[in-house]
Amino acid sequence: MLNIASRSLDIILGQFDSSQIEKISLTHILEVADVESTKLKDNQFDYVVDTFSMCVFDNPRAALSEMKRVVKPNGRIVLLENSRSTFPPLGFIQDVFEPIVTPLAKNCRWNVDVPAIAASLDLVQVQGSEQP
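Calculation notes
- Residues numbered from 1 in each chain as written.
- Predicted model: local features only at pLDDT ≥ 70, side-chain atom pairs only at ≥ 80, totals over all residues.
- Heavy atoms only, no water.
- Disulfide = S-S within 2.5 Å.
- Helix = DSSP H or I, 4+ residues; strand = E, 2+ residues; numbered from the N terminus.
- Buried < 20%, exposed > 50% of the residue type's maximum accessible area, 1.4 Å probe, protein only.
- Lys, Arg positive; Asp, Glu negative; His and termini not counted.
- Salt bridge = Lys/Arg side-chain N within 4 Å of Asp/Glu carboxyl O.
- Polar contact = N/O pair within 3.5 Å; in protein donor to acceptor, adjacent residues only side chain to side chain.
- Contact = heavy atoms within 4.5 Å.
- Pairing = 2+ DSSP bridges.
- Right-handed = clockwise from strand over helix to strand, strands pointing away.
- Core = buried A, V, L, I, M, F, W, Y, C linked by side-chain atoms within 4.5 Å.

### Re the state of the cysteines
Moving on, step 1. What the rule picks out here adds up to one disulfide.
Moving on, step 2. Two residues share a disulfide in this structure: C55 and C108, whose sulfurs sit 2.0 Å from each other. Residues C55 and C108 are joined by a disulfide whose S-S torsion is about -115°; by sign, that bridge is left-handed. Residue C55 is found in the loop between β2 (45–51) and α2 (60–70), and its partner C108 is found in the loop between α3 (88–104) and α4 (114–120); the two are separated by 53 residues along the sequence. Neither residue differs from the other here; C55 and C108 are each classed as buried.

### Side note on the side chain of E98
Moving on, step 1. By secondary structure assignment, the location of E98 is in helix α3.
Moving on, step 2. Although E98 lies buried, it forms no salt bridge, and the closest oppositely charged side chain, R109, sits 5.1 Å away as judged by the N-O distance.
Moving on, step 3. A polar side-chain atom of E98 sits 2.6 Å from a polar atom in the side chain of T102.
Moving on, step 4. Not counting residues up to four positions away in its chain, the partners in contact with E98 are P103, R109, W110 and N111.

### Comments concerning the pairing of β2
Moving on, step 1. For β2 and strand β3 (residues 71–80), the ladder comprises six bridges, and the chain directions are parallel. For D50, the partnering residue across the bridge sits in β3 and is L79.
Moving on, step 2. For the crossover from β2 across α2 to β3, the handedness is right-handed.

### With respect to the nonpolar core
Moving on, step 1. Judged by nonpolar contacts, the single largest core of 17 residues is most densely connected at V48, M54, L64, M67, I77, L79 and L123.
Moving on, step 2. Elements represented by at least two residues in this core include exactly α2, β3 and α4.
Moving on, step 3. Counting residues per element, this core draws most heavily on α2, at four residues.

Here it is as structure tokens:
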């Protein structure tokens, strides 16, 4: 899991005082858009959450760049993703079999290197309970 938002896990996992739920004011935005180029404003969101989608985006780097654009400067991007293995023999197998597996996996390319894409965009990777 690539987590660029460890604070958001507190909310996702429900680790907060439930009496505070009434105090939370949420604005819901639902928009159908190209993930690589939305019409959303810069620095609009506290959190951007994406689960298991980087493998199906035509250009995952452009998608993550767009997420970075719309999240506030101190905001968080949370990604729960599969990614290319850091264990070289397994990464090699993923690369070799990707053309066969992708059509069988609803076009999910299982060898997208999500941590490398995040690093190329100067995003800080945080895992588990680490704090940036």
